[in-house]
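Examination of the molecular architecture
Below, each chain spelled out in residue letters.
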Amino acid sequence: MSEQTEARDTTVSAVSELDGKLARLKGWLYNKRSSGKILFMIIRDGTGVIQCVATKNEMGEELFRRLDGLHQESSLIVEGLVHKDHRAPGGYEIQVKECRVVSEAWPDYPITLKEHGPEFLLDQRHLWIRTPTQRAILAVRAEVMRSIREFLDNDGFVEVSAPILTPSACEGTSTLFSTPYFGEKAYLSQSGQLYNEATIMALGKVYCFGPTFRAEKSKTRRHLTEFWMVEPEAAFMTFEELLDLEERMVTFVVRRVIDRCSKELEQVGRDPKDLERIVPPFPRMTYDDAVKLLQENGIDIQWGDDFGSPHETFLASQSDKPVFVTGYPTKVKAFYMEPDPERPEIVLASDLLAPEGYGEIIGGSQRIHDYDLLVQRIKEHNLPMEAYDWYLDLRKFGTVPHSGFGLGIERFVAWMCHLDHLREASPFPRMITRMRP
Ligand code: NSS
């Protein structure tokens, strides 16, 4: 049997496959300590961190001194023997045979291993994302997005992109971002829903998935001005079927995160047991009962008010599963929502509130399919009729009952990763006071 002499490319996450063999790893110096003869380099490569041990004997005097003097974030290619070692973080280390410095980092890397304040870290977001916890959050985010697509594709939904530049509001005119558009005004999309309502008539079950924009004037830990939303919509889907779809999708995605992101959950300090509880059925509560419950607990609210963050936080702490709140007052909700046939003062709408105080992660409803009622609502909401002419066409030509919902990706990821604030759930968050870097 001949000995392997050529190093094989590997990553930290796959290094166990090369136990006892020569491996080549490309990455960045995350931390190091040295005894003068032995240098322990912690190298990260995007998939994890691993300890690489370089000795003066093996490296030679000159290279050893150079490596010993490297600053954090220098980029490296190391080759060496993979060695199982239960004392090493991650269970493996690399005994370095060769090391090439790709680029020596400048001194004074702004993010050190000590604590920094949130504003400083946000200023350094382009570098902050390299730290293990931030990396883990972004990996969970990717899994959330991937598994949502997997679920919807398998359920017969077709992804159809909605435009970002739009002529009209979907979610009220107070949070619109506008931009000049060749002599006209365009608005950045708040939601792809109105376009979904067109594409379902072509494809039956659709979803759009992309960035959405809201000029939210409030500074809260739950609001970004740019966030990603997935929005499924289906022709003929009833309100009951809508809640069932939401429940199945959330359960599926949580399960995927538990199964595929165990290392990341550990890194962010989220106990997967908290997520194991997220199985159907999710409790349901009517808006009427929610108002009563809030009042009984001394929280200021009148029937007819919309919920703010404190209300949602309270309601969402009532259960360790997500809670559906249904039947909101018609006058606080969007113009397109179908009234309850038995009580027109409420709509067939539901928000799904995530537990542990996270609050609303989904907003959904059955839509008005009747032409005359929709015209009436557009007028009541003082919306410009001409901007909705094409939307009204959908009620002229083969209108059908239909429903859909929107799930905010950053809210979902913040819940999965147990974050205090939405800003860490976005790679480059945009908020009222921040659009840099
Ligand atoms: O305003 S929503 O409740 N509903 C819609 O936009 C519908 N047009 C969606 C649809 O039915 N197709 O927003 C949906 C979700 C909400 O539950 C949050 O999870 C998220 O979008 N959302 C936000 N996330 C972060 N920041 C802000 N500002 C924000 N606003 C809503």
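Thresholds, definitions, all that
Residues numbered from 1 in each chain as written. Predicted model: local features only at pLDDT ≥ 70, side-chain atom pairs only at ≥ 80, totals over all residues. Heavy atoms only, no water. Pairing = 2+ DSSP bridges. Helix = DSSP H or I, 4+ residues; strand = E, 2+ residues; numbered from the N terminus. Contact = heavy atoms within 4.5 Å. Axes fitted to C-alpha atoms, helices over the stretch in contact; angles between N-to-C directions. Disulfide = S-S within 2.5 Å. Buried < 20%, exposed > 50% of the residue type's maximum accessible area, 1.4 Å probe, protein only. 1 Å grid on protein atoms, 1.4 Å probe; cavity = no way out; pocket = protein on both sides within 12 Å on 5 of 7 lines; lining within 4 Å. Points joined across faces, edges and corners; volume = space filled by probe spheres on them. Nonpolar A, V, L, I, M, F, W, Y, C, P; charged D, E, K, R; others polar. Domains from an automatic or database assignment.

1. Some points on the sheet that holds strand β14 (residues 323-326)
Strand order in the open sheet formed by eight strands is β7-β11-β12-β19-β18-β17-β14-β13, and the pairing between neighbours is mixed. This sheet does not close on itself; its edge strands, each paired only once, are β7 (158-159) and β13 (284-286). The pairing of strand β17 (residues 349-354) with strand β18 (residues 359-366) spans six bridges and is antiparallel. When the sheet's bridge partners are listed, S350 is paired in β18 with G364. The strands touched by helix α10 (residues 287-296) within the sheet are β13 and β14, with β13 carrying the most contacts at an inclination of about 85°.

2. Thoughts on the state of the cysteines
Evaluation of the coordinates by the stated rule reveals zero disulfides. Unpaired in terms of disulfides, C99 finds its nearest cysteine sulfur in C52, a separation of 8.1 Å. When its relative accessible area of 10% is taken as the criterion, C99 is described as buried. For C417, which is in no disulfide, the shortest distance to another cysteine sulfur is to C261 and amounts to 8.0 Å. For C417, a relative accessible area of 1% translates into the label buried.

3. A few points about the sheet that holds strand β9 (residues 178-181)
Ordered in space as β8-β10-β9, the three strands form an open sheet in which the pairing is antiparallel. Each edge of the sheet is formed by a strand with only one pairing partner; in this case those strands are β8 (165-166) and β9. Bridge count for β8 against strand β10 (residues 184-188) is two bridges, and the pairing is antiparallel. By the bridge assignment for β10, T166 is matched with Y187.

4. Focus on the layout of surface pockets
Each pocket or cavity is described by its volume, and for the second largest pocket that value is around 680 Å³. Contributing to the lining of the second largest pocket are 24 residues, with V12, T47, G48, V49 and K263 lying nearest its centre. Mapped onto the lining of the second largest pocket, the elements with two or more residues apiece are β4 (49-55), α5 (132-154) and α8 (262-268). At four residues, the largest contribution of residues to the lining of the second largest pocket is made by α8. Across the lining of the second largest pocket, the residue classes tally to nine nonpolar, nine polar and six charged. In terms of domain composition, the lining of the second largest pocket takes at least three residues from each of domain 1 (8-103) and domain 2 (123-425).

5. Some words on the pairing of β4
The element β4 is largely enclosed, with a buried count of five among its seven residues. Hairpin connection from strand β3 (residues 38-44) to β4: four residues lie between these consecutive antiparallel strands, with G46 at a positive phi of about 95°. Pairing of β4 with strand β6 (residues 92-103) involves three bridges; the strand directions are parallel. Paired with Q51 across the two strands is E93, which belongs to β6.

Geometric descriptors of this kind do not, in isolation, establish any biological role.
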